[in-house]
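Close look at the chain arrangement
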Amino acid sequence: MLGSSALLRALDAFAFSSALVACAAAALAAAASRALGVAPETAVLALAFCGTVVVYCVDRVRDLTRDARTSPLRSAFVAQHRRALLAAAALCACGALVAGVLAGARVMAVAGVVAAFGFAHRRLKRFAWAKPLYLTGSWTAVAVGLPAAAASASAAGGSGSAGLDLTRLALTLAIVSSTVQANVILSNLRDAE
């Protein structure tokens, strides 16, 4: 049985290492897949998880000084575990590459756009008006775009699927993007305090 301090350290590691947010990305992609009427693909979920770890770990290490004002506990964890976080990011980058190749070119194209915004986040996040737009778009692309790209690739490959139902796609996009945008706006308000 874990002692209370060991449990707290484990929870801090789970949250501050980006594993928590990566689990959220994979869970959103799985839920969106179901909402789209397709089975979640392992490669897509692995790509969502691994890609999120890479982007968030790199961002947190690069912006350690600036983030210390808004997230001092997380920043202290990142400073203490910098090498481990970079190693996790490198391992997850390899995992994301393998998962992307397995998922196919359409999925890789969506992931590439998201990665570009993820790595530009350090420069973009200073523009308060743009942050909700590109973060909402990026998270929606991971949660809905990756499964939709995988499903459309399967349909184009002649697997017998008729393709995506556009009504389901539109509803899923609307629900996920509005939910993510509300979260991003609240996060922005916290950062501005």
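Here the structure is a predicted model, which means the values were calculated and not measured. (Residues numbered from 1 in each chain as written. Predicted model: local features only at pLDDT ≥ 70, side-chain atom pairs only at ≥ 80, totals over all residues. Heavy atoms only, no water.)

All right, on to a nonpolar patch on the surface then. Together, L7, L8 and L11 make up a nonpolar patch on the protein surface, roughly 280 Å² of accessible area in all. You can see L8 is positioned in helix α1 (residues 4–16). A relative accessible area of 53% means that L8 is categorised as exposed. (Patch = residues over 30% accessible without salt bridge, like charges linked within 9 Å, V, L, I, M, F, W, Y side chains within 5 Å. Areas by Shrake-Rupley, 256 points an atom, 1.4 Å probe, with all protein chains shown as cover. Salt bridge = Lys/Arg side-chain N within 4 Å of Asp/Glu carboxyl O. Helix = DSSP H or I, 4+ residues; strand = E, 2+ residues; numbered from the N terminus. Buried < 20%, exposed > 50% of the residue type's maximum accessible area, 1.4 Å probe, protein only.)

Okay, the packing of aromatic side chains next. What characterises a pair of aromatic rings is the spacing of the ring centres plus the angle enclosed by the ring planes. Evaluated as defined, the whole model comprises 4 aromatic pairs. When the centroid spacing of 5.8 Å and the interplanar angle of 55° are considered together, the rings of F16 and F77 count as tilted. One end of the pair, F16, is in helix α1; the other, F77, is in helix α5 (residues 72–80), and 61 residues separate them in sequence. We classify F16 as buried; its relative accessible area is 17%. Overall, F77 belongs to the buried group, its relative accessible area being 13%. Here the aromatic rings of Y56 and W139 are separated by 6.3 Å at their centres, their planes lie at 70°, and the arrangement is edge-to-face. In this pair, Y56 sits in helix α3 (residues 42–62) while W139 sits in helix α8 (residues 131–156), placing the two residues 83 residues apart along the sequence. A relative accessible area of 21% means that Y56 is categorised as partly exposed. (Phe/Tyr/Trp six-rings, centres within 6.5 Å; stacked < 30°, edge-to-face > 60°.)

Turning to the pattern of salt bridges, a few remarks are in order. Counted by the stated rule, this structure contains 2 salt bridges. Put simply, D63 and R66 hold a salt bridge, and the shortest N to O gap is 3.4 Å. Its salt-bridge partner being D67, residue R74 comes within 3.7 Å of it at the nearest N-O pair. Classification of R74 by relative accessible area gives buried; the value is 16%.

So, on to the nonpolar core. Within the largest apolar cluster, 44 residues are counted, with the highest numbers of intra-cluster contacts made by L47, V107, V144 and L146. Contributions of two or more residues to this core are made by α2 (19–35), α3, α5, α6 (82–103), α7 (105–124), α8 and α9 (166–192). Among the elements that take part in this core, α8 stands out by supplying 11 residues, more than any other. Excluding residues that lie within four positions of it along the chain, V107 makes contacts with V44, L47, L146, A149 and A150. (Core = buried A, V, L, I, M, F, W, Y, C linked by side-chain atoms within 4.5 Å. Contact = heavy atoms within 4.5 Å.)

What follows covers the side chain of S17. Residue position: S17 is located in the loop between α1 and α2. Here the side chain of S17 touches F14 through a polar contact of 3.5 Å, landing on its backbone oxygen. Among the polar contacts made by the side chain of S17, one reaches the main-chain amide nitrogen of A19 at a distance of 3.3 Å. Not counting residues within four places of it along the chain, the set of residues in contact with S17 comprises D12, C57, F77 and L85. (Polar contact = N/O pair within 3.5 Å; in protein donor to acceptor, adjacent residues only side chain to side chain.)

A separate point is unusual backbone geometry. Glycine aside, residues mostly have negative phi, and peptide bonds are mostly found in the trans state. Of note, S18 is a non-glycine position whose phi angle comes to about 85°, a positive value. For S18, a relative accessible area of 0% gives the class buried.

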